[in-house]
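Structure assessment
Residue strings, one per chain:
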Amino acid sequence: FGRMIVRKSLTFLKKIHELGYEEMSVSINISAIQLLSDNFTKKFLDIVKEVGVVPEKIWVELTESVFASNYQEINSVLGRLMEQGIRVAIDDFGTGYSSLQYINNLPLDVIKLDRAFVSQLFVSGKTERMMRSIITMGRDLGLDIIAEGVETAEQLAWLKSAGCPKAQGYYFSPPVPWDEAQRMIQE
């Protein structure tokens, strides 16, 4: 089910915590196939325990395509993960199988606004109004909101003014190997 990636991600988190950065968390993308594999929850939680990281610092990110799969089983797996303190995010929100029903019925902590919206800021007033509405709706539902694909200071400023509390993208850093990420955190 992707044990190697999970183990590497959690080992990285453990090293960062040992350096004194206990507030840091890690997000791990999980596919529908992985989530619905035999004993996913047990295997995932076994790795968490083996590595020795705090579950509350782990986010499981699901793309919206997951919701085209077995909705009931996915809901059950997510519930079991959240009972252990793991946070759940919908990645690329608004581009695939989005449904307000999913947000209403699934145990979620976070929605991540797809980069397609961010890249269209300032192109269309309609995109800006839609983004503001999604941010407001998410906050009203008690969800954390993260904008993906932020590449400019102008985009970041707009997101802040719209009430989006978090962002990620090349504006902050391109993807880097774990040793480079560790160095960046220490600086």
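For the structure itself, consult the block above.
Summarised in this report is the structure supplied together with it.

Quick word on the sheet that holds strand 1 (residues 26–30)
- In spatial order, the strands read 1-2-3-4-5-6; together these six strands make up an open sheet with parallel pairing. Strands with a single pairing partner mark the edges of an open sheet, and in this sheet they are strand 1 and strand 6 (166–167).
- Sheet topology places strand 2 (residues 58–63) next to strand 3 (residues 87–93); five bridges connect them, and they run parallel. By the bridge assignment for strand 3, Thr63 is matched with Asp91.

Regarding the side chain of Asp91
- For Asp91, the position within the fold is in strand 3.
- At 4.1 Å, Lys112 is the nearest oppositely charged side chain to Asp91, a buried residue that forms no salt bridge.
- Of the polar contacts made by the side chain of Asp91, one reaches the side chain of Asn29; its length is 3.1 Å.

Topic: the layout of surface pockets
- When its volume is computed, the largest pocket comes out at roughly 1200 Å³.
- The wall of the largest pocket is formed by 34 residues, among which Ser25, Val26, Ser27, Gln168 and Pro175 lie closest to the centre.
- Of all the elements, helix 1 (residues 3–18) adds the most residues to the lining of the largest pocket, at five residues.
- Its residues assigned to classes, the lining of the largest pocket comprises 19 nonpolar, eight polar and seven charged.

Remarks on the environment of Glu180
- Within the secondary structure, Glu180 is located in helix 9 (residues 178–186).
- Separated by 137 residues in the primary sequence, Glu180 and Lys43 have C-alpha atoms spaced 29 Å apart.

A look at the packing of helix 1 against helix 9
- Interaxial distance between helix 1 and helix 9 falls to 11 Å at its minimum, and their mutual angle equals 25 degrees. Considering the angle they form, helix 1 stands roughly parallel to helix 9. Two packed elements cross with a definite hand, and for helix 1 against helix 9 that hand is right-handed. For the pair helix 1 and helix 9, contact is made by Phe12, Lys15 and Ile16 and by Trp178, Ala181, Gln182 and Ile185, respectively.
- Counted by class, the contact of helix 1 with helix 9 contains five nonpolar, one polar and one charged residues.

Some points on helix 4 (residues 71–83)
- Along its 13 residues, helix 4 runs 18 Å from first to last C-alpha, staying within 8% of the 18 Å computed at 1.5 Å per residue.
- When we look at burial in helix 4, the residues that qualify are Ile74, Val77, Leu78 and Leu81. Down the axis of helix 4, the buried side of the element spans an arc of 95 degrees, and every buried residue falls inside it. Projecting away from the buried face of helix 4 at angles above 90 degrees are the exposed residues Gln72 and Glu83.
- Where helix 4 is buried, its residues meet helix 2 (32–35), helix 3 (40–51), strand 2 and strand 3.
- Where helix 4 terminates, the next one or two residues include Gly85, which has phi positive at roughly 100 degrees.

Rules used throughout
- Residues numbered from 1 in each chain as written.
- Predicted model: local features only at pLDDT ≥ 70, side-chain atom pairs only at ≥ 80, totals over all residues.
- Heavy atoms only, no water.
- Pairing = 2+ DSSP bridges.
- Helix = DSSP H or I, 4+ residues; strand = E, 2+ residues; numbered from the N terminus.
- Buried < 20%, exposed > 50% of the residue type's maximum accessible area, 1.4 Å probe, protein only.
- Lys, Arg positive; Asp, Glu negative; His and termini not counted.
- Salt bridge = Lys/Arg side-chain N within 4 Å of Asp/Glu carboxyl O.
- Polar contact = N/O pair within 3.5 Å; in protein donor to acceptor, adjacent residues only side chain to side chain.
- 1 Å grid on protein atoms, 1.4 Å probe; cavity = no way out; pocket = protein on both sides within 12 Å on 5 of 7 lines; lining within 4 Å.
- Points joined across faces, edges and corners; volume = space filled by probe spheres on them.
- Nonpolar A, V, L, I, M, F, W, Y, C, P; charged D, E, K, R; others polar.
- Axes fitted to C-alpha atoms, helices over the stretch in contact; angles between N-to-C directions.
- Parallel < 35°, antiparallel > 145°, perpendicular 65-115°, else oblique.
- Left-handed = near helix turned anticlockwise from the far one by under 90°.
- Contact = heavy atoms within 4.5 Å.
- Expected span 1.5 Å × (residues − 1).
- Arc of directions from axis to C-beta.

That's the geometry; what it means functionally is another story.
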